[in-house]
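Chains, contacts and geometry: an overview
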Amino acid sequence: MNGSTGFNMGAQDEEFGFSLGDDDIVKSAPVYPPALANMEVDIVVNKNSEVWILHNKPFEESIAWIEFDADDDTLTFVSYRGTVKGLGAKIQAPVRKYLYNAKRVFLIQTEGGKIYDFFNVALVVRDASTKDKDPKNKKRSA
């Protein structure tokens, strides 16, 4: 095989429109600066694990889902194209337990007391550890 890996690194993928081995993939799905770097963000939760994220500026792209990483207490916004934007701050204990049990998030763009945009998006909870869990009801403690 003359040292070949067996992969055609210059192959064009017709369906997705990128060349393997190029940096086009990175360019087409960038990681944006954290949300808190250019907008105000507030997270509101209730005892039923309903979650509202209020922000005062639009995201660069439409958000497809939000990921909560329970191991490092971070939120990441993921667009339909696969671009990601972190929140830019750790989620504090009083909010974590509600995010851990939530399934959906209401993403609301507001300014001056008015709602400009409103989406209901899925929340994906990533949790690779077993720390702080109650095995009976799988709820994370605060």
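For every chain, the first residue of the written sequence is number 1, and numbering continues from 1 along that sequence. Only residues with pLDDT of at least 70 are given local features in this predicted model, and only at 80 or more are side-chain atom pairs given and counted; all residues enter the totals for whole chains, interfaces and linings. As a rule here, side-chain values come from all non-hydrogen atoms in the structure, and water together with hydrogens is ignored.

Before going further, it helps to examine the confidence of the model for the chain. On a scale of 0 to 100, pLDDT captures the predictor's confidence in every residue. Averaged over every residue, the pLDDT of the chain is 79; the share at 70 or more is 70%. Per-element confidence in the chain is highest for strand β5 (residues 51-55), whose mean pLDDT is 96, and lowest for strand β1 (residues 12-13), whose mean pLDDT is 44. Low pLDDT, under 50, characterises residues 1-26; the predicted model gives this stretch 13 contacts beyond four residues in sequence or across chains. Secondary structure elements are defined from DSSP: runs of H or I of at least 4 residues count as helices, runs of E of at least 2 residues count as strands, and each element is numbered from the N terminus. Every residue pair with non-hydrogen atoms within 4.5 Å of one another is taken to be in contact.

With that settled, the discussion passes to the pattern of salt bridges. For this document, the term salt bridge refers to a Lys or Arg side-chain nitrogen within 4 Å of an Asp or Glu carboxyl oxygen. If you walk through the whole model with that rule in mind, you get five salt bridges. Where Lys-85 meets Glu-60, a salt bridge forms, and the shortest distance between an N and an O atom there is 3.0 Å. Residue Lys-85 is located in strand β8 (residues 84-86), and its partner Glu-60 is located in the loop between β5 and β6 (63-69); the two are separated by 25 residues in the primary sequence. Only protein chains enter the area calculation, which uses a 1.4 Å probe; residues under 20% of their type maximum are buried, those over 50% are exposed, and those in between are partly exposed. Accessibility expressed as a relative area gives 2% for Lys-85, which makes it buried. Given a relative accessible area of 37%, Glu-60 falls into the partly exposed group. Glu-61 is the partner of Arg-81 in a salt bridge, and the nearest nitrogen-oxygen pair spans 3.6 Å.

A few words now on unusual backbone geometry. For residues besides glycine, phi is generally negative; the peptide bonds are generally trans as well. Its identity is not glycine, yet Ser-49 carries a phi of approximately 60°, on the positive side. Checked against the element boundaries, Ser-49 lands in the loop between β4 (41-45) and β5. Overall, the relative accessible area of 12% leaves Ser-49 in the buried class.

Locating His-55 in the fold gives a position in strand β5. Given the relative accessible area of 5%, His-55 is considered buried. Setting aside anything within four residues of it in sequence, one finds His-55 in contact with Met-39, Glu-40, Val-41, Leu-107, Ile-108, Gln-109 and Thr-110.

Moving on to the packing of aromatic side chains. Aromatic rings considered in pairs are described by the distance between their centres and by the relative angle of their planes. Geometry of aromatic contacts follows a simple scheme: Phe, Tyr and Trp rings, the Trp one being its six-membered ring, pair when their centres are within 6.5 Å, and the pair is stacked under 30 degrees between planes, edge-to-face over 60, tilted otherwise. A full pass over the atoms with the stated rule returns three aromatic pairs. With 6.1 Å between their ring centres and 20° between their planes, Trp-52 and Phe-106 make a pair best called stacked. Of this pair, Trp-52 sits in strand β5 while Phe-106 sits in strand β9 (residues 104-111), and the two are 54 residues apart along the sequence. Given the relative accessible area of 24%, Trp-52 is considered partly exposed. A residue is classified by how much of its surface remains accessible, and Phe-106, at 24% relative accessible area, is partly exposed. Where Phe-106 meets Phe-118, the ring centres are 5.7 Å apart and the plane angle is 25°; that geometry is what we call stacked. Here the residue Phe-106 occupies a position in strand β9, and Phe-118 occupies one in strand β10 (residues 114-126), the gap between them amounting to twelve residues.

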